[in-house]
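# Coordinate inspection notes
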Amino acid sequence: MIELKNEELMIIRGGAISGTLINAFVRGIEALLDLGRSLGSAIRRIRARSICKV
């Protein structure tokens, strides 16, 4: 194991992208895709006039 001095410790930079950030980004993309699918299905059902009327 390497021991670092205080001066060396001050210049260490961590990774810019973490697992949590990637997970949030992927979930955001999935949400946009789901929204697009829902919107597309709604438009298709309106055009085909296959809307259930209750």
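The structure contained in this document is the topic of the report that follows. (Residues numbered from 1 in each chain as written. Predicted model: local features only at pLDDT ≥ 70, side-chain atom pairs only at ≥ 80, totals over all residues. Heavy atoms only, no water.)

## What to know about the overall build of the chain
Assigned secondary structure in the chain consists of two helices and zero strands. Taking 10 Å as the expected radius of gyration for a compact globule of 54 residues, we find that the chain reaches 25 Å, considerably beyond that expectation. Within the chain, the proportion of its 54 residues that are buried is 0%. Looking at the chain as shown, the accessible area adds up to about 5800 Å², and 62% of this sits on carbon and sulfur atoms. Here the chain contributes 9 positive and 5 negative side-chain charges, whose respective centroids are spaced 32 Å apart. (Helix = DSSP H or I, 4+ residues; strand = E, 2+ residues; numbered from the N terminus. Rg over C-alpha atoms; globule rule 2.2 N^0.38 Å. Buried < 20%, exposed > 50% of the residue type's maximum accessible area, 1.4 Å probe, protein only. Areas by Shrake-Rupley, 256 points an atom, 1.4 Å probe, with all protein chains shown as cover. Lys, Arg positive; Asp, Glu negative; His and termini not counted. Charge placed at Lys NZ, Arg CZ, Asp CG, Glu CD.)

## Thoughts on a nonpolar patch on the surface
The grouping of Ile17, Leu21, Ile22, Phe25, Val26, Ile29 and Leu33 at the surface amounts to a nonpolar patch, some 670 Å² of accessible area in total. Secondary-structure assignment places isoleucine 22 in helix α2 (residues 19-48). Taking relative accessible area as the criterion, isoleucine 22 reaches 45% and is therefore assigned partly exposed. (Patch = residues over 30% accessible without salt bridge, like charges linked within 9 Å, V, L, I, M, F, W, Y side chains within 5 Å. Salt bridge = Lys/Arg side-chain N within 4 Å of Asp/Glu carboxyl O.)

## Some words on the environment of leucine 35
Relative to the helices and strands, leucine 35 resides in helix α2. Measuring from C-alpha to C-alpha, the distance between leucine 35 and glutamate 8 comes to 48 Å, with 27 residues separating the pair along the chain.

## Points about α2
With 30 residues, α2 extends 43 Å from end C-alpha to end C-alpha; this agrees with the ideal 44 Å at 1.5 Å per step. In the segment just after α2, arginine 49 is the residue with positive phi, at about 55 degrees. (Expected span 1.5 Å × (residues − 1).)

## Some words on the pattern of salt bridges
The tally for this structure, following the rule as stated, stands at one salt bridge. Across the pair aspartate 34 and arginine 37 runs a salt bridge whose closest N-O atoms are separated by 2.7 Å. You can see aspartate 34 and its partner arginine 37 sitting in helix α2, three residues apart, about one turn around the helix. Since its relative accessible area comes to 44%, aspartate 34 is described here as partly exposed. Taking the relative accessible area as the measure of exposure, arginine 37 reaches 52% and is therefore exposed.

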